[in-house]
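The residues making up each chain are set out below.
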Amino acid sequence: MTASTHADTLLGDQVTSHATHLARSGPIPWRGGPGRLVTDLETAGLTGRGGAGFPAWRKAATALNGKSPVVVANGAEGEPLSRKDATLLRGNPHVVLDGLQLVAEAVAATQAYLYLPAALAGGAATALAERRDRVPVKIVHAPEKFVAGEESAAIAAIEGRPVLPRFRTTPAPVSGVDGRPTVLHNVETLAHVAMIARHGPAWFRRTGTADEPGTFLATVSGSVAAPGVYEVPVGIPLDELLAMAGPGPTHAVLVGGYHGAWVPYGATPMSRAGLAPHGGSPGAGIVHALPANRCPLRFAAETTRYLAEETAGQCGPCLNGLPAIAATMAALAAGRAEHRRLEWLTGLVVGRGACHHPDGTARFVRSTLTTFATEVAAHQQGHCPIEENRRNAAS
């Protein structure tokens, strides 16, 4: 958790009441009409903090040309390793709600939605009751499912349909909720919108990199003394971020969560450009340091089993492909399978699903095979060097 308590940070002091928020940050800095905020967002270079990293201004610019747009704050944090959205909504909900109202003004929306898990709905309802917002906000519960936060799944939930992600040929800012232009942002993205509106694009660009400005919320876990959520500049070296949490003995670091990639412990910049050589991206800001005494293949087997169980169950890659991948990964961890079969199976699911869940799972598996090639070879020979070292140290 960040130690700063200034009004220009997303985290710090708990700002749960609207009165405290007004005293700390002031009223909503309205722009005086549709479209005017869009230029500021483009100048600031804000990208989505939910995982995809799409330029925030483009969504608003597209929806502005449509009829009766709606805006959605997405707080459905289905990723088990992520805590940033819940931390933000519990500790500073009004900065998120300010951002939601500002985007509503920017696209002339008449309806807004707050999509989040039921566990957070009570606090959100209390925050909304304290406000007198121009655009009404309706809370919609997100199921506790890994795929529930995907854009099309959120739209389905708001429409009252089964919460399933689907392949969409028409972008949501063109046609989303009930066929209306829909601007859906992660709650952290909306908090940054409010900060940019208050402090300006130049202020936002003071941190981060030239291509990826600003800060992001990183959920740090695993082999660290102080796991938690940290607000840090985009591009911070990975080892510097982990140093804030007190790193312990670490094999490698999983960046981007269960759909992410493994990155060697070191000074790799936490940005899209910095992580691209490792096949990764910051995603939703997840950083998990795998303990040095934990078998990476067993961790991967547990993860792929979870991902296979968390599918929407609506296409062949999820119904058949992911269970086969999970079973083969478990067999590899137990010394009963060849890595070539995993490479073949992942190739069968990539680009063929109804959503991107199979692709993300395949990316994690392939990254595991590459990063831990030495461990893979050892397991195929019938032994795990990490578990053997642990047994020897205990004897």
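The following paragraphs examine the structure supplied in this document. (Residues numbered from 1 in each chain as written. Predicted model: local features only at pLDDT ≥ 70, side-chain atom pairs only at ≥ 80, totals over all residues. Heavy atoms only, no water.)

## Focus on the packing of aromatic side chains
Put simply, the rule reads: Only Phe, Tyr and Trp rings are paired, with Trp represented by its six-membered ring, and only when their centres lie within 6.5 Å; those with planes under 30 degrees apart are stacked, over 60 edge-to-face, the remainder tilted. Secondary structure counts use DSSP, requiring at least four H or I residues in a row for a helix and at least two E residues in a row for a strand, with both numbered from the N terminus. Remark: exposure states derive from per-residue accessible area (1.4 Å probe, protein chains only) relative to the maximum for the residue type, with buried under 20%, exposed over 50%, and partly exposed in between. Remark: a charge is flagged as sitting over a ring if the NZ atom of Lys or the CZ atom of Arg is within 6 Å of the ring centre and within 35 degrees of the ring normal.
Tallied over the full model, the rule gives 6 aromatic pairs. Here tyrosine 258 and tyrosine 306 contribute two aromatic rings whose centre-to-centre distance is 5.6 Å and whose plane-to-plane angle is 75 degrees, an arrangement assigned as edge-to-face. Taken together, the residues span a long stretch of sequence, with tyrosine 258 in the loop between strand 7 (250-255) and strand 8 (261-263) and tyrosine 306 in helix 12 (residues 296-309) at a distance of 48 residues. By relative accessible area, which is 22% here, tyrosine 306 ends up partly exposed. An angle of 40 degrees between the planes, with centres 6.3 Å apart, marks the rings of tryptophan 262 and phenylalanine 364 as tilted. You can see tryptophan 262 sitting in strand 8 and its partner phenylalanine 364 sitting in helix 15 (residues 357-371), a full 102 residues away along the chain. Take tryptophan 262: its relative accessible area is 1%, and that puts it in the buried class. On the basis of relative accessibility, which here comes to 0%, the residue phenylalanine 364 falls in the buried class. Linked through ring pairs, Trp262, Phe299, Phe364 and Phe372 together constitute an aromatic cluster. Taking the ring centre of tryptophan 30 as reference, the NZ or CZ of arginine 134 above it sits at 3.7 Å.

## Brief notes about the nonpolar core
Heads up, the rule is: Think of a nonpolar core as a cluster: buried Ala, Val, Leu, Ile, Met, Phe, Trp, Tyr and Cys residues, connected wherever their side-chain atoms sit within 4.5 Å. The criterion used for residue contact is that any of the two residues' heavy atoms lie within 4.5 Å.
Grouped together as the largest cluster of nonpolar side chains are 47 residues, with contacts concentrated most on Val71, Leu88 and Val96. Take this core: its biggest share by element is 9 residues, from helix 5 (residues 93-107). Contacts of valine 71, omitting those with residues within four sequence positions, involve Leu100, Val103, Ala104, Val107, Ala109, Gln111, Ala112, Tyr113 and Val183. Within the second largest apolar cluster, 37 residues are counted, among which are Ala300, Cys318, Ala362 and Ile386.

## Comments concerning the packing of helix 2 (residues 36-44) against helix 8 (residues 187-199)
Formally: Axis lines are fitted to C-alpha atoms, over the contacting stretch for helices. Their N-to-C directions set the angle, which ranges from 0 to 180 degrees. Note on terminology: angles under 35 degrees are roughly parallel, angles over 145 are roughly antiparallel, angles of 65 to 115 are roughly perpendicular, and the others are oblique. Throughout, the ten residues Ala, Val, Leu, Ile, Met, Phe, Trp, Tyr, Cys and Pro are labelled nonpolar, Asp, Glu, Lys and Arg are labelled charged, and all others, Gly among them, are labelled polar.
Remark: helix 2 packs on helix 8, axes separated minimally by 10 Å, with the N-to-C direction vectors making an angle of 100 degrees. Comparing their axes, helix 8 and helix 2 come out roughly perpendicular. Of the residues in helix 8, those touching helix 2 at Leu37, Asp40, Leu41 and Ala44 are Val193, Ile196 and Ala197. Along the lines of polarity and charge, the residues of the contact of helix 2 with helix 8 split into 6 nonpolar, no polar and 1 charged.

## Considering the sheet that holds strand 2 (residues 111-117)
Operational definition: Strand pairing requires that DSSP identify at least two bridges connecting the strands.
Read across the sheet, 4 strands follow the order 3-2-1-4 without closing on themselves; strand pairing throughout is parallel. The sheet terminates laterally at strand 3 (137-142) and strand 4 (182-186), the two strands that pair on one side only. With direction set aside, neighbouring strand axes in the sheet form an average angle of 20 degrees. Across 5 bridges, strand 1 (residues 70-74) lies against strand 4 in parallel orientation. From the neighbouring strand, valine 71 faces strand 4, where its bridge partner is valine 183. Of the strands in this sheet, strand 1 and strand 4 touch helix 8, which is tilted by about 95 degrees from strand 4.

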